[in-house]
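Reading the structure
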Amino acid sequence: MAIFSLVSLNAIAGEVTINQSKTLINNQVFEHKNKRIRNKQREEQRVLENLQWIYSLPSVCLLYQKQYLIYRCGKALFYKGYAFNGFIKYKPLTKTETLKLQPH
């Protein structure tokens, strides 16, 4: 009887397989969600940077490049002037833009 039960147990269990495509789909969904989150964060950062316009510079700022209306305020803070409705607005330059300005 014991031998019969062991044989029947193997017949009931059958072959077990792991479906890898389901894992692949889940990974693709996860990566897509992460990509959407990163895009949303970049967009929020861009909006914040666009809100950082100022209409006057601090008195410690000096003209750095006359051709592009770039002003240097302190050691590492740069602003670029833009004409807008007869006024000049100033926007802080990003780190990447600042590195392009400074001689190495």
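Computed from a prediction, not measured in an experiment: that's the story for all the values here. (Residues numbered from 1 in each chain as written. Predicted model: local features only at pLDDT ≥ 70, side-chain atom pairs only at ≥ 80, totals over all residues. Heavy atoms only, no water.)

1. Comments concerning the sheet that holds strand E1 (residues 61–65)
With antiparallel pairing, the four strands of this open sheet are ordered in space as E1-E2-E3-E4. Strands with a single pairing partner mark the edges of an open sheet, and in this sheet they are E1 and strand E4 (87–92). If you compare each strand with its neighbour and ignore which way they point, the axes differ by 35° on average. Both strand E2 (residues 70–73) and strand E3 (residues 77–84) contribute to a ladder of four bridges, which runs antiparallel. Following the sheet pairing, Cys-73 is matched in E3 by Leu-77. (Pairing = 2+ DSSP bridges. Helix = DSSP H or I, 4+ residues; strand = E, 2+ residues; numbered from the N terminus. Axes fitted to C-alpha atoms, helices over the stretch in contact; angles between N-to-C directions.)

2. Here we look at the packing of aromatic side chains
Each pair of aromatic rings is reported with the distance of its centres and the angle of its planes. Within the structure shown, the criterion is met by two aromatic pairs. With 5.0 Å between their ring centres and 70° between their planes, Tyr-64 and Phe-78 make a pair best called edge-to-face. Residue Tyr-64 is located in strand E1, and its partner Phe-78 is located in strand E3; the two are separated by 14 residues in the primary sequence. Relative accessible area serves as the criterion here: at 1%, Phe-78 is assigned to the buried category. Here Tyr-71 and Tyr-90 contribute two aromatic rings whose centre-to-centre distance is 5.5 Å and whose plane-to-plane angle is 85°, an arrangement assigned as edge-to-face. Of the two residues, Tyr-71 is situated in strand E2 and Tyr-90 in strand E4; the sequence distance between them amounts to 19 residues. (Phe/Tyr/Trp six-rings, centres within 6.5 Å; stacked < 30°, edge-to-face > 60°. Buried < 20%, exposed > 50% of the residue type's maximum accessible area, 1.4 Å probe, protein only.)

3. Things to note about the nonpolar core
Listed in full, the five residues of the largest apolar core are Cys-61, Tyr-71, Cys-73, Tyr-79 and Tyr-90. Beyond its immediate stretch of four places on either side in the chain, Tyr-71 contacts Leu-57, Cys-61, Leu-62, Leu-63, Tyr-64, Leu-77, Phe-78, Tyr-79 and Tyr-90. (Core = buried A, V, L, I, M, F, W, Y, C linked by side-chain atoms within 4.5 Å. Contact = heavy atoms within 4.5 Å.)

4. Looking at the layout of surface pockets
Taken as a whole, the largest pocket holds about 190 Å³ of empty space. Considering the residues around the largest pocket, the lining is formed by Gln-45, Glu-49, Gln-52, Tyr-82, Lys-91, Pro-92, Leu-93, Thr-94, Lys-95 and Glu-97. Mapped by element, the contributors of at least two residues to the lining of the largest pocket are helix H2 (20–50), E4 and helix H3 (95–101). Its residues assigned to classes, the lining of the largest pocket shows three nonpolar, three polar and four charged. (1 Å grid on protein atoms, 1.4 Å probe; cavity = no way out; pocket = protein on both sides within 12 Å on 5 of 7 lines; lining within 4 Å. Points joined across faces, edges and corners; volume = space filled by probe spheres on them. Nonpolar A, V, L, I, M, F, W, Y, C, P; charged D, E, K, R; others polar.)

5. Re unusual backbone geometry
Positive phi, close to 55°, is recorded for Leu-69, a residue that is not glycine. Mapped onto the fold, Leu-69 is located in the loop between E1 and E2.

6. Notes on the pattern of salt bridges
Under the defined criterion, the tally for this structure stands at one salt bridge. A salt bridge links Glu-43 to Arg-46, with the nearest nitrogen and oxygen atoms 2.6 Å apart. Of the two residues, Glu-43 and Arg-46 both sit in helix H2, three residues apart, roughly one turn of that helix. Of the residues examined, Arg-46 reaches a relative accessible area of 42% and is grouped as partly exposed. (Salt bridge = Lys/Arg side-chain N within 4 Å of Asp/Glu carboxyl O.)

7. Overview of the confidence of the model for the chain
With 72% of its residues at a pLDDT of 70 or more, the chain shows a mean pLDDT of 77. With pLDDT under 50 throughout, residues 4–10 is counted as low confidence; its partners more than four residues away or in other chains account for zero contacts. (pLDDT = per-residue confidence, 0-100.)

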